[in-house]
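Notes for the structure review
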Amino acid sequence: MLSIAFSVGGVYLTPDLKTPAEWVSWLQLLIAGCIFFRTTMPLAGIGIIALWLLALRDYDLCHLFDYLALGVGVAAYLIIEPSKNQPLRSHRFEALRWGLAIALMWSSLEKFAYPEWFYPLVEEKPFLTFGMPRDVFIPMAGVAEFTMGFGLLWTPLVRRLSAIALLVIFTAAVWPFGRIDLIGHGLIMAILVAVACDQCRKTRFLPELKIHVPAIPGGIASALVVFATAYWGLHLIFYGDEYSAQAAPGERATHSYNPDHPHGPRADEGIGAPPTKK
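Below you will find a few notes about this structure. Just so we're clear, the structure is a prediction, and the values are computed from it rather than from any experiment.

Glancing now at the overall build of the protein. Assigned secondary structure in the protein consists of 14 helices and zero strands. Beginning at the N terminus, the succession of helices and strands in the protein can be written as α-α-α-α-α-α-α-α-α-α-α-α-α-α. Buried residues in the protein amount to 49% of all 278 residues. Residue pairs at least 24 apart in sequence account for 63% of intrachain contacts in the protein once pairs closer than 6 positions are excluded.

Below, the structure is given as structure tokens:
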């Protein structure tokens, strides 16, 4: 993934995080090289966190929260994988799975908080909505993303089914959106393959609860309350009492605009430029 980002150039970690600094691409290539050797894998994990911290210079912290959980999950995997402590090492895939699940559930809330960001996308590619009105499709997509992300945290069968469903969706998106989408979601797709193929039959977190089918809706509802409270609460803290989930994108948006991911405003510095930090 980092080597692909190096070939694209001018980005932090994903195509959505643009940077004019040339040396960042070389740093990503160095981090990618560290992944191939067990002794240097922890350095690669630390490097991923460092790239996220570097992006704070140019991007709003609320935007970077979208990438924090996934970055921490991947970094944790790279640090744990070469460990000789087998009980600790057994959690390496779990770290990936939790990081991806939290990232999906967090980013899904954008479809409720800022549905207008996705209007250009469904207007440009109306077949995505399957004939449904955009204001019906976008929240439904958010519910599906949140639910499947939550499924990655449930029992072995449920998390495999969620991983396969998400993998089908991300793979299908490559055809209409092209290589940029493949690059941006390549890491996610690789983790989904690992989750689908994981032979672990253990449920380490709340196993007594998860074996009961009625616990599923209660678990989803509880997770939604926690994530929604954190999402809107943090936005309130960052943007003050005047914050509104329906505020104009140009005033409160946390994402910059680029033609492949058209949700979000056009920054004053140009398409794909980071928003001006105040």
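On to helix α3 (residues 41-55), then. The first and last C-alpha atoms of α3 sit 22 Å apart over 15 residues, in line with the 21 Å expected at 1.5 Å per residue. Those residues of α3 that sit buried are Met41, Ala44, Gly45, Gly47, Ile48, Leu51, Trp52 and Ala55. The arc that holds the buried residues of α3, viewed along the axis, is 160°, so those residues lie on one side. Set apart from the buried face of α3 by more than 90 degrees, the exposed residues are Leu43 and Ile46.

Our next topic: the packing of helix α9 (residues 134-151) against helix α13 (residues 215-239). Contact geometry for α9 and α13: axes closest at 11 Å, N-to-C directions at 110°. Comparing the axis directions of α9 and α13 gives the class roughly perpendicular. Seen from above, α9 lies across α13 with right-handed handedness. Mapping the contact onto sequence places Phe146, Thr147 and Phe150 in α9 and Ile216, Gly219, Ile220, Ala223, Leu224 and Phe227 in α13. Residues belonging to the contact of α9 with α13 are distributed by class as follows: seven nonpolar, two polar and no charged.

Of note, Leu96 is situated in helix α6 (residues 92-108). It is 9.3 Å that separates the C-alpha atoms of Leu96 and Leu192, two residues lying 96 residues apart in sequence. Look past the residues within four positions of Leu96 in its chain and what remains in contact with it is Gly73, Val74, Tyr77 and Ile191.

The topology assignment puts Leu182 in helix α11 (residues 179-197). Separated by twelve residues in the primary sequence, Leu182 and Phe170 have C-alpha atoms spaced 8.2 Å apart. If we ignore the near neighbours within four places in the chain, the residues touching Leu182 are Val174 and Met189.

For the structure on display, the rule yields eight aromatic pairs. Arranged with centres 6.1 Å apart and planes meeting at 75°, the rings of Phe65 and Trp106 form a pair that is edge-to-face. Remark: Trp106 occurs in helix α6 and Phe65 occurs in helix α4 (residues 61-80); sequence separation between them is 41 residues. Taking relative accessible area as the criterion, Trp106 reaches 11% and is therefore assigned buried. Each member of the aromatic cluster is reached from another via a ring pair, and the members are Phe65, Trp106, Tyr231 and Trp232.

Conventions we followed
- Residues numbered from 1 in each chain as written.
- Predicted model: local features only at pLDDT ≥ 70, side-chain atom pairs only at ≥ 80, totals over all residues.
- Heavy atoms only, no water.
- Helix = DSSP H or I, 4+ residues; strand = E, 2+ residues; numbered from the N terminus.
- Buried < 20%, exposed > 50% of the residue type's maximum accessible area, 1.4 Å probe, protein only.
- Contact = heavy atoms within 4.5 Å.
- Expected span 1.5 Å × (residues − 1).
- Arc of directions from axis to C-beta.
- Axes fitted to C-alpha atoms, helices over the stretch in contact; angles between N-to-C directions.
- Parallel < 35°, antiparallel > 145°, perpendicular 65-115°, else oblique.
- Left-handed = near helix turned anticlockwise from the far one by under 90°.
- Nonpolar A, V, L, I, M, F, W, Y, C, P; charged D, E, K, R; others polar.
- Phe/Tyr/Trp six-rings, centres within 6.5 Å; stacked < 30°, edge-to-face > 60°.

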